[in-house]
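What follows is each chain in one-letter form.
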2 protein chains.
Amino acid sequence: MTSPSTPSPTRPTSAAGRGTRVRGTRQAEALGQVLADLPGFRSAQDIHAELRSRGERIGLTTVYRQLQVLSADGAVDTLRDESGETLYRRCATSAHHHHVTCRSCGRSVEVEGRAIEHWAARVAAEAGFTDVDHTVEIFGRCPDCAAEGH
Amino acid sequence: MTSPSTPSPTRPTSAAGRGTRVRGTRQAEALGQVLADLPGFRSAQDIHAELRSRGERIGLTTVYRQLQVLSADGAVDTLRDESGETLYRRCATSAHHHHVTCRSCGRSVEVEGRAIEHWAARVAAEAGFTDVDHTVEIFGRCPDCAAEGH
DNA sequence: GTCGCAAGTGAAAACGAATGTCATGTTCAC
DNA sequence: GTGAACATGACATTCGTTTTCACTTGCGAC
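Source: prediction; values computed, not measured. (Residues numbered from 1 in each chain as written. Chains lettered and ligands numbered in written order. Predicted model: local features only at pLDDT ≥ 70, side-chain atom pairs only at ≥ 80, totals over all residues. Heavy atoms only, no water.)

Enquirer: Please give an account of the overall build of chain A that cites residues and values.
Expert: Each helix and strand in chain A was counted, giving five helices and six strands. Helices and strands appear in chain A in the N-to-C order α-β-α-α-β-β-β-β-α-β-α. When the 150 residues of chain A are sorted by exposure, 35% land in the buried category. Pairs at least 24 apart in sequence give 48% of the contacts found in chain A among residues at least 6 apart. Of the roughly 8,500 Å² of accessible surface on chain A, 46% is carried by carbon and sulfur atoms. (Helix = DSSP H or I, 4+ residues; strand = E, 2+ residues; numbered from the N terminus. Buried < 20%, exposed > 50% of the residue type's maximum accessible area, 1.4 Å probe, protein only. Contact = heavy atoms within 4.5 Å. Areas by Shrake-Rupley, 256 points an atom, 1.4 Å probe, with all protein chains shown as cover.)

Following this line, the structure appears as structure tokens:
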């Protein structure tokens, strides 16, 4: 939100020493920066628009591709909103967790529900299912959006 | 595709005084029949293909439209698979529940998790979110598909 | 510094699910 | 039986996402 301090973030000094596969390109760097700045889940097209509005010259294809790589790498979380669009967010932890997401501004809160994991594993096992995975997403209206009547 | 008990609920002779908009058309009848026969979640296109393979003359548009109406009516449940496609299934109960779904054959088991509802409501409230909704889906491999190596 | 090449990029085209359009067909009330 | 409202479906359109492929760029070798 209030991020007026944007001096020169696109400085590929040497901070790219993460587990990311991405090579040190200006686009990848800028994308990482935007992901770090945005507080909630955003669509690829949103992120692309944000990059463009910051003056970055980057193609939509690259945004999709990078997000795909980052997602496979576990560096960003993905979820699908009600309309089927895929939303992305860099999460603080790479451990398994879920989100409470605002359906109007995309802001999200990470929640950890050990109970849910157990429940999911149990009911799947009871049904005889193996190789089990689950998705749990909670959508709602965040306090700010509720206050503004969104 | 074992369809042992196939009652005839889709007989909107005069029982159409419900909230259902579906008029007694041949297509709606056939669609209801297919939904009753299919054991798991299937895509609209699957259902359309199944109808066609049964010799029904029905358009894809109609399938989508009917499924939409049935879904809004609570007569079928919907979920999105990993690829983003929407899947449909007629469920036994119209009460709120979740599913364990086989990711290769679409077969599903209904599970009721009161604990999940409470958990979702609680974590959302703790985050200050209102107007809360949630999705919980469990994907896995059903015993049959596991046995066949799918 | 410059050369070379693989990896990255991106505009445009392709793709696919889903929805809109509208002329035609069908059902139900009368 | 008749008519009008509603359902149908072939086709067009929308929209998010992926693929294609020619071009650019980072980076190690020289």
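Enquirer: So what's going on with the relation of the copies chain B and chain A? Residues and values would help.
Expert: Mapping chain B onto chain A is achieved by rotating through 179 degrees and translating by 0.0 Å along the same axis, at an RMSD of 0.1 Å. Here the two chains are linked by the operation of a two-fold rotation axis. Among all residues of chain B, the minimum C-alpha distance to the rotation axis is found for valine 136 of chain B, at 2.2 Å. When the interface residues of chain B are mapped onto chain A, 97% of them again fall at the interface, so both copies present the same face. (Least-squares fit on C-alpha atoms with pLDDT ≥ 70 in both.)

Enquirer: So what about the nonpolar core? Which residues, and what values?
Expert: Ranked by internal contacts, the top residues of the largest apolar core, which has 26 residues, are Val100, Trp119 and Ile138 of chain A together with Val100, Trp119 and Ile138 of chain B. Among all residues touching valine 100 of chain B, those that are not within four sequence positions of it are Val123, Ala124 and Phe129 of chain A together with Arg107, Ser108, Val109, Val111 and Ile138 of chain B. (Core = buried A, V, L, I, M, F, W, Y, C linked by side-chain atoms within 4.5 Å.)

Enquirer: I'd like a rundown of the sheet that holds strand S6 (residues 130-141) of chain B, residues and numbers included.
Expert: Spatial strand order, S5(A)-S4(A)-S6(A)-S6(B)-S4(B)-S5(B): six strands in an open sheet with mixed pairing. With partners counted over all chains shown, the strands left at the sheet margins are strand S5 (108-111) of chain A together with strand S5 (108-111) of chain B, one partner each. Strand-to-strand, the axes of this sheet are offset by a mean angle of 20 degrees, without reference to chain direction. Inspection of the sheet shows strand S4 (residues 98-102) of chain A paired to strand S6 (residues 130-141) of chain A by four bridges, in the parallel sense. Directly across from histidine 99 of chain A, in S6 of chain A, lies its bridge partner glutamate 137 of chain A. Running over the sheet, helix H4 (residues 114-126) of chain A touches S4 and S6 of chain A together with strand S4 (98-102), S5 and S6 of chain B and is turned about 45 degrees from S6 of chain B. Strands in contact with helix H4 (residues 114-126) of chain B are S4, S5 and S6 of chain A together with S4 and S6 of chain B; relative to S6 of chain A, the strand with the most contacts, it is inclined by about 45 degrees. (Pairing = 2+ DSSP bridges. Axes fitted to C-alpha atoms, helices over the stretch in contact; angles between N-to-C directions.)

Enquirer: Break down the protein's contact with DNA strand C for me, citing the residues and quoting the values.
Expert: Around DNA strand C, 19 residues are found, and the nearest of them are Thr25, Thr62 and Arg65 of chain A together with Tyr64 and Thr86 of chain B. Those atoms of DNA strand C that come within 4 Å of the protein belong to sugar or phosphate at a rate of 70%. Threonine 25 of chain A is positioned such that a nitrogen or oxygen atom in its side chain is 2.7 Å from a phosphate oxygen of DNA strand C. One of the side-chain N or O atoms of glutamine 27 of chain A is found 3.2 Å from a phosphate oxygen in DNA strand C. For the surface near DNA strand C, the secondary structure elements donating two or more residues are helix H3 (60-72) of chain A together with helix H3 (60-72) of chain B. Looking at which element gives the most residues to the surface near DNA strand C, the answer is H3 of chain A, with four residues. Across the surface near DNA strand C, the residue classes break down as two nonpolar, eleven polar and six charged. (Near = heavy atom within 4 Å. Polar contact = N/O pair within 3.5 Å; in protein donor to acceptor, adjacent residues only side chain to side chain. Nonpolar A, V, L, I, M, F, W, Y, C, P; charged D, E, K, R; others polar.)

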